[in-house]
Amino acid sequence: MTSGTDISSLETRYICSCQARGIPPNKQVLLALFKAKLKKARHEVSSLVILLDDIQDADFHPLLDLLMEVDVSEIDAVDIINGSVCTLSWEYLLSLLRASSRKLRVVDLQDILFGKDFLLDLAQRGLPCQVLNLRSSHFRKLTMIGNFMRMHTLNLDSSASLTNFREECFTCMPNLKFLSLCETRITNLWTTTAALAKLPSLVELRFQNFLQDDEARKHPASDRRDDYWDSDHTEISIHDEAPSVSGESIMYRHFNEEQYLNNTDMNIDRSSEDSSDDSEVDFSSQDRETSSMELLPDAPPGWEDLVNLQNEVSFGTLDMQDDEEPFFRLSDSRLSYIAPKKCISHNPSPICFEKFYREYMIVSLPNLKILDNLPIRKVDREKAEVIFSQNFEYLPYKRKNKESVVSILQKRETRANHTRRLFPRRKSQYFYSRSLSAAKVGSAAWPALCPLSIMDTTARDDRRSYRPRQFEYHPSDASLMVFGTLDGEVIVINHESGKIVSYIPSLGTMNSVLGLCWLKNYPSKVIAGSDNGSLRLYDIRLMPPTATGSHQSAGSIMFDDFDQLTSVHVNSTDELFLASGYSKHVALYDISSGRRLQVFDDMHREHINVVKFSHHSPSIFATSSFDREVKMWDLRQKPNQPCYTALSSRGNVMVCFSPDDQYLLVSAVDNEVKQLLAVDGRLHLDFSITSTGSSQNYTRSYYMNGRDYVISGSCDEHVVRICCAQTGRRLRDVSLEGKGSGASMFVQSLRGDPFRDFSMSVLAAYIRPSSNSEIVKVNLLASSDQDKGYSYTQHSHPLFSSGG
């Protein structure tokens, strides 16, 4: 029992402090002191419960004096609770929260009431509490780097703005055991587990509430938010350290949804967006009367149905194995009866719908004991490890263990005998470079993302922004990239420096540039095609870096139009190119003469989205169509009949050859990505990416690192998936998130960098129609520390179905 100043003396001092300042004692504070005395008299935990709803700024100084004496008093704990309203200023609130450094137990706040500065100060400086509940938190990227040494429980349920964690998050919470993140917008398995792995004491984690069928019936759909940590079968949790407030209507871990969802004081004006900084806190889009789906625009289509249907999963017995020592003590035998019943997910975050989510979490967080209210048994871990090894690549190139770059360099220089014994079969010249890449990727869970900065040489008052629609890396110059805009411009840029090398205006002859292709043997020349059918070849050596008064026609060749064009591609000898579009036909052009040689009619039953020549044979090409067919053709056979036809289950958006022409990579609508043998079209690999259910989710995929990896993105999703091209195992997802409310972006197009391993660029467009699309450079070998604040998202549009 704590000895020190008795509670009656505290009460007297509080009243005297009020009198000295000429204000009446706050009735709620006096009541809290009275209840604390009663508990002490009954030999219970004597907690001082401060309800912020009844505290005004005028009450601050006497209350601060009181709390500063608590640490040397006989009061056992201080709990500070906020219900639905609070007029206390955030500066005063923080002072009160930090007044008691040793006895602050529970802090339960509806932090939307206190503003961005309050959240930032809390996250950066920390709190000395044991339990922290932040209801409706408006963190978008959580960075809790302050002092939270005493905290063992953190609840961020229903934080509908929270999408990700910063790399340094959770580094100052060594004693955190329980973490709840239900109904957040977290989706990325890789960054999430990397952040959570920094919590050495974490034993229980929730992204959803699993309930039995009989429990689910107690929680109707209209009341989907379950009491915090309070499902009947969650008695496995250790929460004796923070008991509920006896006799109080507000419970520490128990949130009344109606109490704050319907409170009009919490409605925030959506138009009050603060875009003046790149803060990690977002206060602009929360309307607590909207539904969960309205607050989760990035959730996969069919998300609501999945909650009730797909997430009904059967679990085996939850009894602990004989050789396992349970870390908790069951108060009754309820848990053993869960076995034959179904557990239904409530309040899930989108991450729960990632394929093999549970198995990935179990393998990545080996100290975890309970996930989503379900204990993790020995058999669960064994099964998870098998599933993980079958579906995920822990490190690039099948590396099993993380190594330091210094260690790999030492082995490379010394060629130590033990290295040869460990890797007797690894004779490849790429072994060390791949090991270095694996080490760097393994140490950069948050890859560097940087929007392409474009600097022209015009006067400062004449600077303008561009609206990229298509782009291609240069085939031989690692620093150059060409992009076409929605306004018909073609711009060659040094993407390392951001400087424009050549600028080709539209001059009213071109609309959106959808087709771009460099010539390989004449690397200063590029063919551009627009959606109005215009086709031109430009020599960038003859094009100035800025717009001029007269059109530079000397460096361009005009070809016959191809109506409704969507793609162009040049063959390996730079003699011919093909054009396709919103038609069933393909046109063949001679580059040297500028003539259209032939139009191949009715090659498909629906429009042909993309046509691609092979990399090495000048006569072999492939077409992909929304008729669900991919066809291989040979110009030597005057393509009347395809060499073969391969069928997808949905309309095809993309096809491309692997760099060595051994494979065809086919991308159909809604994440149907397959790799075919180029020789005969047989299926080599199905990447089994989860579909969203959207018929407008146009998917594009390309190779990265030669043909080692495949990158894939879709226009209804804000993620780029990276998979091994030989096994199909998922290596990493890269999430794209923008700044501010409504700044989400989706993947419009993407390309692997042909000169840099594990690097790519992504054309991503904002959901806001007033915002321009951006080319975002992604480097998986570098940390996001170099980027500070960028991540990006966008909606489907008919435009996204065209081109590559």
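Rules used in this analysis
- Residues numbered from 1 in each chain as written.
- Predicted model: local features only at pLDDT ≥ 70, side-chain atom pairs only at ≥ 80, totals over all residues.
- Heavy atoms only, no water.
- Phe/Tyr/Trp six-rings, centres within 6.5 Å; stacked < 30°, edge-to-face > 60°.
- Helix = DSSP H or I, 4+ residues; strand = E, 2+ residues; numbered from the N terminus.
- Lys NZ or Arg CZ within 6 Å of the ring centre and 35° of its normal.
- Patch = residues over 30% accessible without salt bridge, like charges linked within 9 Å, V, L, I, M, F, W, Y side chains within 5 Å.
- Areas by Shrake-Rupley, 256 points an atom, 1.4 Å probe, with all protein chains shown as cover.
- Salt bridge = Lys/Arg side-chain N within 4 Å of Asp/Glu carboxyl O.
- Buried < 20%, exposed > 50% of the residue type's maximum accessible area, 1.4 Å probe, protein only.
- 1 Å grid on protein atoms, 1.4 Å probe; cavity = no way out; pocket = protein on both sides within 12 Å on 5 of 7 lines; lining within 4 Å.
- Points joined across faces, edges and corners; volume = space filled by probe spheres on them.
- Nonpolar A, V, L, I, M, F, W, Y, C, P; charged D, E, K, R; others polar.
- Pairing = 2+ DSSP bridges.
- Axes fitted to C-alpha atoms, helices over the stretch in contact; angles between N-to-C directions.
- Parallel < 35°, antiparallel > 145°, perpendicular 65-115°, else oblique.
- Left-handed = near helix turned anticlockwise from the far one by under 90°.
- Contact = heavy atoms within 4.5 Å.
- Polar contact = N/O pair within 3.5 Å; in protein donor to acceptor, adjacent residues only side chain to side chain.
- Core = buried A, V, L, I, M, F, W, Y, C linked by side-chain atoms within 4.5 Å.
- Disulfide = S-S within 2.5 Å.

Enquirer: Mind showing me how you'd approach the packing of aromatic side chains here?
Expert: Each aromatic ring pair is specified by the distance between its two centres and by the angle formed by the two planes. Inspection of the entire model under this criterion finds 22 aromatic pairs. With centroids separated by 3.9 Å and ring planes inclined at 0°, the aromatic side chains of Phe-60 and Tyr-92 adopt a geometry described as stacked. Of this pair, Phe-60 sits in helix α3 (residues 60-70) while Tyr-92 sits in helix α4 (residues 90-97); the two residues are 32 residues apart in sequence, bridging distant segments of the chain. Above the ring of Tyr-522, the side-chain terminus of Lys-525 is found at 5.6 Å from the ring centroid. A cation over an aromatic ring shows up here: Arg-751 above the ring of Phe-471, its NZ or CZ 5.6 Å from the ring centre.

Enquirer: Looking at this model, I keep getting lost on a nonpolar patch on the surface. Mind explaining?
Expert: Judged by side-chain polarity, Leu-31, Phe-34 and Leu-38 come together as a nonpolar surface patch covering roughly 260 Å² of accessible area. Taking relative accessible area as the criterion, Leu-38 reaches 34% and is therefore assigned partly exposed.

Enquirer: Just checking my understanding: could you explain the layout of surface pockets for this structure?
Expert: It is the rolling of a water-molecule-sized probe over the atoms that shows where space remains empty. Looking at the second largest pocket, its volume works out to about 840 Å³. In terms of lining, the second largest pocket is formed by 26 residues, of which the most central are Glu-472, His-615, Pro-659, Gly-752 and Pro-754. The residue inventory of the lining of the second largest pocket, partitioned by class, reads 14 nonpolar, 7 polar and 5 charged.

Enquirer: How should the sheet that holds strand β31 (residues 644-647) be read in this particular structure?
Expert: Within the open sheet, the 4 strands sit side by side as β28-β29-β30-β31. Their pairing is antiparallel. In the strand order of this sheet, the two ends are held by β28 (608-613) and β31, each with one partner. Adjacent strand axes in the sheet meet at a mean angle of 20°, parallel and antiparallel pairs treated alike. With 4 bridges joining them, strand β30 (residues 629-634) and β31 adopt antiparallel strand pairing. Opposite Met-632, over in β31, you have Tyr-644 as the bridge partner.

Enquirer: How should unusual backbone geometry be read in this particular structure?
Expert: Glycine aside, the phi torsion of most residues is negative, and most peptide linkages are trans. Positive phi outside glycine occurs at Phe-170, with the angle close to 75°. Along the chain, Phe-170 falls in the loop between β7 (164-165) and β8 (178-180). On the accessibility criterion, Phe-170 (0% relative accessible area) is buried. Positive phi, close to 55°, is recorded for Phe-758, a residue that is not glycine. Examined against the element boundaries, Phe-758 turns out to sit in the loop between β40 (745-752) and β41 (759-766). Under the relative-accessibility criterion, Phe-758 is labelled buried at 0%.

Enquirer: Explanation requested: the packing of α3 against α4 in the structure shown.
Expert: To characterise two packed helices, one gives the angle between the axes of the helices and the distance between these axes. For the pair α3 and α4, the least separation of the axes is 9 Å and the interaxial angle reads 15°. On the basis of the axis angle, α3 is roughly parallel to α4. Note that α3 runs across α4; the crossing there is left-handed. Contacts from Phe-60, His-61, Leu-63, Leu-64 and Leu-67 in α3 reach Tyr-92, Ser-95 and Leu-96 in α4.

Enquirer: How do you make sense of the side chain of Ser-614 when you look at a structure like this?
Expert: Note on placement: Ser-614 falls in the loop between β28 and β29 (620-625). For Ser-614, the side chain forms a polar contact with the main-chain oxygen of Ser-617, separated by 2.8 Å. Ser-614 has contacts with Ser-572, Ile-620, Phe-621, Phe-657 and Asp-661, leaving out every residue within four places of it along the chain.

Enquirer: Help me out: how do you make sense of the nonpolar core in this one?
Expert: A general tendency of soluble globular proteins is for nonpolar side chains to be buried together. Ranked by size, the top nonpolar core spans 80 residues in total, and within it Leu-48, Leu-132, Leu-154, Phe-170, Leu-179, Leu-205 and Phe-207 carry the most contacts. With 6 residues, α3 is the largest single contributor of residues to this core. Ala-622, Leu-665, Val-747 and Val-762 belong to the second largest nonpolar core, which has 49 residues in total.

Enquirer: What exactly am I supposed to notice about the sheet that holds strand β35 (residues 683-686) here?
Expert: Strand pairing in a sheet relies on backbone hydrogen bonds. The paired strands run either parallel or antiparallel. Read from one edge to the other, the open sheet built from 4 strands follows the order β32-β33-β34-β35, with strand pairing classed as antiparallel. With one partner strand each, in any of the chains shown, β32 (652-657) and β35 form the two edges of the open sheet. Here the strands of the sheet are splayed against their neighbours by 20° on average, with no regard to which way each runs. Pairing geometry for β32 and strand β33 (residues 663-668), over 5 bridges, is antiparallel. Following the sheet pairing, Val-655 is matched in β33 by Val-666.

Enquirer: How should I be thinking about the state of the cysteines in this particular structure?
Expert: Cysteine pairs can be covalently joined through their sulfur atoms, and such a bond is termed a disulfide. Tallied over the entire structure, the rule returns 0 disulfides. The closest cysteine sulfur to the non-disulfide-bonded Cys-16 is located on Cys-18, 9.3 Å from its own sulfur.

Enquirer: How should the pattern of salt bridges be read in this particular structure?
Expert: Side-chain pairs of opposite charge can arise whenever the charged atoms involved come near each other. Going through the model one piece at a time under the given rule, you end up with 26 salt bridges. Residue Arg-42 pairs with Glu-44 through a salt bridge whose shortest N-O separation is 3.2 Å. The class for Arg-42 is partly exposed, based on a relative accessible area of 46%. Classification of Glu-44 as partly exposed rests on a relative accessible area of 37%. Here Asp-157 and Arg-206 are joined by a salt bridge, their closest N and O atoms 3.6 Å apart. In this pair, Asp-157 sits in the loop between β6 (153-155) and β7 while Arg-206 sits in strand β9 (residues 204-206), placing the two residues 49 residues apart along the sequence. Take Asp-157 and Arg-206: they sit in the same class, and that class is buried. Taken together, the salt bridges that share partners define one network made up of Arg-98, Asp-121 and Arg-125.

Enquirer: Would you take a moment to explain the environment of Cys-16 for this structure?
Expert: Examined against the element boundaries, Cys-16 turns out to sit in helix α1 (residues 7-20). On the basis of relative accessible area, Cys-16 is assigned to the partly exposed category, the value being 42%. Sequence-wise, Cys-16 and Pro-62 are 46 residues apart; in three dimensions their C-alpha atoms are separated by 8.6 Å.

Worth remembering: the numbers are spatial, not functional.
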